[in-house]
Amino acid sequence: MSDLALFSRKPTMSVNGYRVVQSISVFVIALVVISPLFMLFIASLKDDRFQILADMGSFRAFWVDNPTLSNFREVGNFAGELAFGRYLGNSLFILGSTVSLGLVINSMAGFILAWGSLPGRAVILSLIIALYVIPQESIIMPLLIIVSRAGLSDTFTAQILPFVASPLYTFLFYQFFAQLPKELYEAASIDGASIFRTWWSIFMPLSLPALATVSILMGIETWNQYLWPILITQTDYARPISVAIATFFGQDSIYWDRAMAASVLMMIPILVFYLAFQRWFISSFVGSAVKG
Amino acid sequence: MTALTSVPKRRRRSIIARVGWPRFLQEIGMLAPAVVLMTAFLITPFLLSFWTAMTNQPLVPRPTPVRFVGLNNFLRILSDDLFWTSLWNVTRFTLWVLPVQCGLAFVTALILNQKIPFRNVFRGMFFLPAITSMVVVCVIWGTLFQYPTGPLNHIVVSLSGGHIQPIDWLGDPNWAMVSIVLLSAWQAYGFQMIIYLAGMQGIPDELYDAARIDGAGAWGRFWHVTMPGLRPTHVFVLVITTIQAFKLYTQVAILTQGGPKSSTETVVHYMVRAGFEEQKLGYASAVSVILFLIVLVIALVQRRLMRRFDV
């Protein structure tokens, strides 16, 4: 840009004008993106649900005079009504189990597909890629039959097991393992390491990028599950926080104060992870899209 | 001749002979969990959906046996006005959300691709809605859409100097889908933004330098370097957004339940209502088969287009 300034005046002017437009647009987009989220956090600290709505139309939406955690205390029970402590715990349990099982199972399969010697690996791999096109929504009705006939309605298992093995994540692991150098694998087999050992002690420690990508994508997907848990949970026992928050909308008069506090509870775990590993989050989502 | 006949024999023996039983069993053991789980929870329900779609399977088992009804479910779906309304609604949703969401994502990515201060901070900020759960987004926008005194109406009324009356965002059949589009675009555009950013960063700097030497201005460089370089990204973004749009469900189920006057009824919502609320799993499975076919066609079109731009 500076080389333009040496030669003429006009480009400099237009560059500055361009800069102004750019800054204004960034500012406007930031405002549109951030203010609703900011409002949510502020409103969750306000006690009076009618005041929350009244404040919404003005700048008071971004300010709270007497911040209080009373909404959180109201919804943060572990039993009975508004047991959002329990729902949050349920969601975290489902998240932890799905992601940890998913990392092990998908990476094992991806490793065998990349470095194993079983016949038919190429067929399995192309089948897995083909399966990726099936949307969850279109198998959910028969899945409901299978899972409820297996006696798993209203359990944690029903929310964990069906989503552990996934074509996308097996493929991502396969892709990652396949591009690691052959010498790595050969050295391990010369040393007499079993294939399981080679996967666990040699390849897994080198797979932080793949492990992070799959954890993040799987984590977000699991955390945001809504349709399946609504079909499969009937009681508080295994109900995740997403379904519980949606029940606020079924009431005649919505308790926005409580809904906001519950929403903040739901956002906090993801937000903490996001702020800590932002770069990983963004590269994971790009990585999920690379395959055509 | 002898060489030809001996080859398959050696091959057949070689798997176990080459790696031995322990390793063979280990490999099976490592691949099996994924294969078994995918078979049980992905392949089986998928195949089952084609069978169930041709039966009168209820959700809760009944004493009367399940009957094979052939293509009856499909015929009934295709003659149900509500199904066509829902298909038209998701098409409408797609046609509106594509330009809004992808356009916003594209412009934002263009800006963030420049050397602006705090670029990474803005990028991180703009991606925040994309990791926010749709349920939470519905709580937020549910308040923004309040009628008649919500924040959006406040903005609309004061910007128009009182000429525009407050809008019943979610309660007016003419506005409900627009509201769903706004909220959906806000939630999801961060994903398209980072895909575009990655695409823009994949265009080599030499191309821009060459264009600059040839005397191309900012506009020329955009039109002759950036846009052609982004062609595969455009295809990918459009297809992925279209597929997502056709699966529209959560925000509609929470905020409008398909109403008012079926103006936000979607294919997935129609399917869930038939299968879960009306307990007609056979009928719902037939809807899910149709949904799968729609997604398949879109994915095949993407394949074709991607191959044309040889990616």
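Under an unreviewed UniProt entry, the name given to chain B is ABC transporter permease, and the organism recorded is Pleomorphomonas diazotrophica. As its UniProt record puts it under Subcellular location (unreviewed entry), chain B is described as follows: "Cell membrane". For the record of chain B, the UniProt heading Sequence similarities (unreviewed entry) holds the text "Belongs to the binding-protein-dependent transport system permease family."

Per an unreviewed UniProt entry, the recorded name for chain A is Sugar ABC transporter permease, and the organism is Pleomorphomonas diazotrophica. For chain A, the Subcellular location (unreviewed entry) comment in UniProt is given as "Cell membrane".

The subject of this paragraph is the overall build of chain A. Scanning chain A for helices and strands turns up 16 helices and 0 strands. Expected size for 292 residues packed as a compact globule is a radius of gyration near 19 Å; at 25 Å, chain A overshoots this value by more than 25%. Sorting the 292 residues of chain A into buried and exposed places 42% on the buried side. Long-range pairs, those at least 24 residues apart, make up 71% of the contacts in chain A between residues at least 6 apart in sequence.

As a further point, take the overall build of chain B. Within chain B one finds 13 helices and 0 strands. Along chain B, from the amino end to the carboxyl end, the secondary structure elements read α-α-α-α-α-α-α-α-α-α-α-α-α. Scaling as 2.2 N^0.38, a compact globule of 311 residues should have a C-alpha radius of gyration of about 19 Å, whereas chain B reaches 26 Å, well beyond that. Along the longest, intermediate and shortest principal axes, the C-alpha atoms of chain B span 90 × 70 × 35 Å. The buried share of chain B, taken over its 311 residues, is 38%. In chain B, the share of contacts with a sequence separation of at least 24, taken over all contacts with a separation of at least 6, comes to 66%.

Contact residues are listed per partner, giving 71 residues for chain A and 72 residues for chain B. The biggest single contributor to the side of chain A that touches chain B is helix α2 (residues 10-43) of chain A, with 10 residues.

What follows covers the domain arrangement of chain A. All names here are of chain A. Domain boundaries in chain A define domain 1 (2-73) and domain 2 (75-290). Its C-alpha centre places domain 1 at a distance of 33 Å from the equivalent point of domain 2. Each partner contributes to the interface: domain 1 provides 12 residues, whereas domain 2 provides 10 residues. Looking at the side of domain 1 that touches domain 2, the elements with two or more residues in it are α2, α3 (49-56) and α4 (70-75). Taken together, the residues that form the side of domain 1 that touches domain 2 break down as 6 nonpolar, 2 polar and 4 charged.

Attention now moves to the UniProt feature "transmembrane region" (unreviewed entry) in chain A. Residues and elements named next belong to chain A. Those places that UniProt annotates as "transmembrane region" (unreviewed entry) correspond, in this numbering, to residues 20-43, 92-116, 122-148, 160-178, 198-220 and 259-277. Between the end C-alpha atoms of residues 198-220 there is a gap of 30 Å, over a span that is 83% helix and 0% strand. Secondary structure across residues 259-277 comprises 95% helix and 0% strand; the distance between its end C-alpha atoms is 27 Å.

To continue, consider the UniProt feature "domain: ABC transmembrane type-1" (unreviewed entry) in chain A. According to UniProt, the positions carrying the feature "domain: ABC transmembrane type-1" (unreviewed entry) are residues 88-277 of chain A. The span residues 88-277 of chain A shows a helical share of 72% and a strand share of 0%, and its end C-alpha atoms are spaced 21 Å apart.

Here we take up the environment of leucine 168 of chain A. Residue and element names in this part refer to chain A. Structurally, the position occupied by leucine 168 is in helix α9 (residues 167-178). When the C-alpha atoms of leucine 168 and proline 67 are compared, they prove to be 44 Å apart, with 101 residues separating the residues in sequence. Residues contacting leucine 168, with those up to four places away along its chain left out, are Tyr132 and Ser288.

Next up on the list: helix α15 (residues 256-276) of chain A. Between the first and last C-alpha of α15 of chain A there are 29 Å, a value that for 21 residues agrees with the 30 Å anticipated at 1.5 Å per step. At isoleucine 268 of chain A, α15 of chain A shows its strongest bend, of approximately 35°, with the proline proline 269 of chain A following within four residues.

Attention now goes to the environment of phenylalanine 276 of chain B. Tracing the backbone through its elements, the reader meets phenylalanine 276 of chain B in helix α12 (residues 267-277). Given 18 C-beta atoms within a 10 Å radius, phenylalanine 276 of chain B is considered partly exposed. With 216 residues separating them along the chain, phenylalanine 276 of chain B and valine 60 of chain B place their C-alpha atoms 10.0 Å apart. Residues in contact with phenylalanine 276 of chain B, not counting those within four places in the same chain, are Leu231 of chain A together with Leu59 of chain B.

Glancing now at the nonpolar core. In this structure, Phe111, Phe173, Ile245 and Ala262 of chain A together with Met271 and Val287 of chain B are the most contacted members of the largest nonpolar core, which totals 155 residues. Broken down by element, the residue count for this core peaks at 16 residues, all from helix α7 (residues 176-201) of chain B. Shared between two domains, this core takes at least three residues from each, and those domains are domain 1 (2-73) and domain 2 (75-290) of chain A. Apart from the residues within four sequence positions on either side, methionine 271 of chain B is in contact with Met141 of chain A together with Ala284, Val287, Ser288 and Leu291 of chain B.

The subject of this paragraph is the packing of α15 of chain A against helix α5 (residues 134-144) of chain B. Running from amino to carboxyl end, α15 of chain A crosses α5 of chain B at an angle of 145°, the nearest separation of the two axes being 9 Å. Viewed along their axes, α15 of chain A and α5 of chain B form a crossing whose handedness is left-handed. Touching Trp256, Ala259, Met260, Ser263, Met266 and Met267 of chain A of α15 of chain A are Val136, Val139 and Thr143 of chain B, all from α5 of chain B. Residues of the contact of α15 of chain A with α5 of chain B, tallied by class, amount to 7 nonpolar, 2 polar and no charged.

Moving on, we come to the UniProt feature "domain: ABC transmembrane type-1" (unreviewed entry) in chain B. Per the UniProt record, "domain: ABC transmembrane type-1" (unreviewed entry) is found at residues 87-302 of chain B. Secondary structure within residues 87-302 of chain B divides into 75% helix and 0% strand; the distance between the first and last C-alpha atoms comes to 21 Å.

All names here are of chain B. Confidence along chain B averages 88 in pLDDT terms, with 95% of residues attaining 70 or more. Taken as a whole, residues 1-8 scores under 50 in pLDDT and shows 0 contacts with residues more than four places along the chain or in a different chain. Here the complex is predicted with pTM 0.88, and the ipTM for its interfaces comes to 0.88.

Attention now moves to the environment of isoleucine 155 of chain B. One can find isoleucine 155 of chain B in helix α6 (residues 151-159). For isoleucine 155 of chain B and isoleucine 213 of chain B, which are 58 residues apart along the polypeptide, the C-alpha to C-alpha distance reads 47 Å.

Another aspect to go through is the confidence of the model for chain A. Here chain A averages 87 in pLDDT, while 93% of its residues score no lower than 70. Note that residues 1-13 of chain A has pLDDT below 50 and, in this model, 5 contacts with residues that lie over four places away or in other chains.

Our focus in this paragraph is the packing of helix α6 (residues 121-131) of chain A against α9 of chain A. Each packed pair of helices is defined by two parameters, the angle between the axes and the distance between the axes. All names here are of chain A. At a minimum axis separation of 8 Å, α6 and α9 run at an interaxial angle of 135°. Classified by the interaxial angle, the pair formed by α6 and α9 is oblique. In this structure, the crossing between α6 and α9 has a hand that is left-handed. Contact with α6, carried on its side by Leu125, Ile128, Ile129 and Leu131, involves Pro167, Thr170, Phe171 and Tyr174 of α9 and no other residues of that element. A class-by-class count of the residues in the contact of α6 with α9 yields 7 nonpolar, 1 polar and no charged.

Okay, helix α4 (residues 119-131) of chain B next. Working note: α-helix, 3.6 residues per turn, so residues spaced by three or four point in the same direction. Its 13 residues give α4 of chain B an end-to-end C-alpha distance of 19 Å, which sits within 8% of 18 Å, the value for a rise of 1.5 Å per residue. Among the residues making up α4 of chain B, those that are buried are Phe126, Phe127, Pro129, Ala130 and Ile131 of chain B.

Cut-offs and rules
Residues numbered from 1 in each chain as written. Chains lettered and ligands numbered in written order. Predicted model: local features only at pLDDT ≥ 70, side-chain atom pairs only at ≥ 80, totals over all residues. UniProt positions renumbered as here; feature names shortened; annotations may be inferred. Helix = DSSP H or I, 4+ residues; strand = E, 2+ residues; numbered from the N terminus. Rg over C-alpha atoms; globule rule 2.2 N^0.38 Å. Buried ≥ 20, exposed ≤ 12 C-beta atoms within 10 Å, placed from the backbone. Contact = placed C-beta atoms within 7 Å. Domains from an automatic or database assignment. Nonpolar A, V, L, I, M, F, W, Y, C, P; charged D, E, K, R; others polar. Expected span 1.5 Å × (residues − 1). Bend = angle between axes of the 7 residues up to and from the residue. Core = buried A, V, L, I, M, F, W, Y, C linked by C-beta atoms within 7 Å. Axes fitted to C-alpha atoms, helices over the stretch in contact; angles between N-to-C directions. Left-handed = near helix turned anticlockwise from the far one by under 90°. pLDDT = per-residue confidence, 0-100. Parallel < 35°, antiparallel > 145°, perpendicular 65-115°, else oblique.

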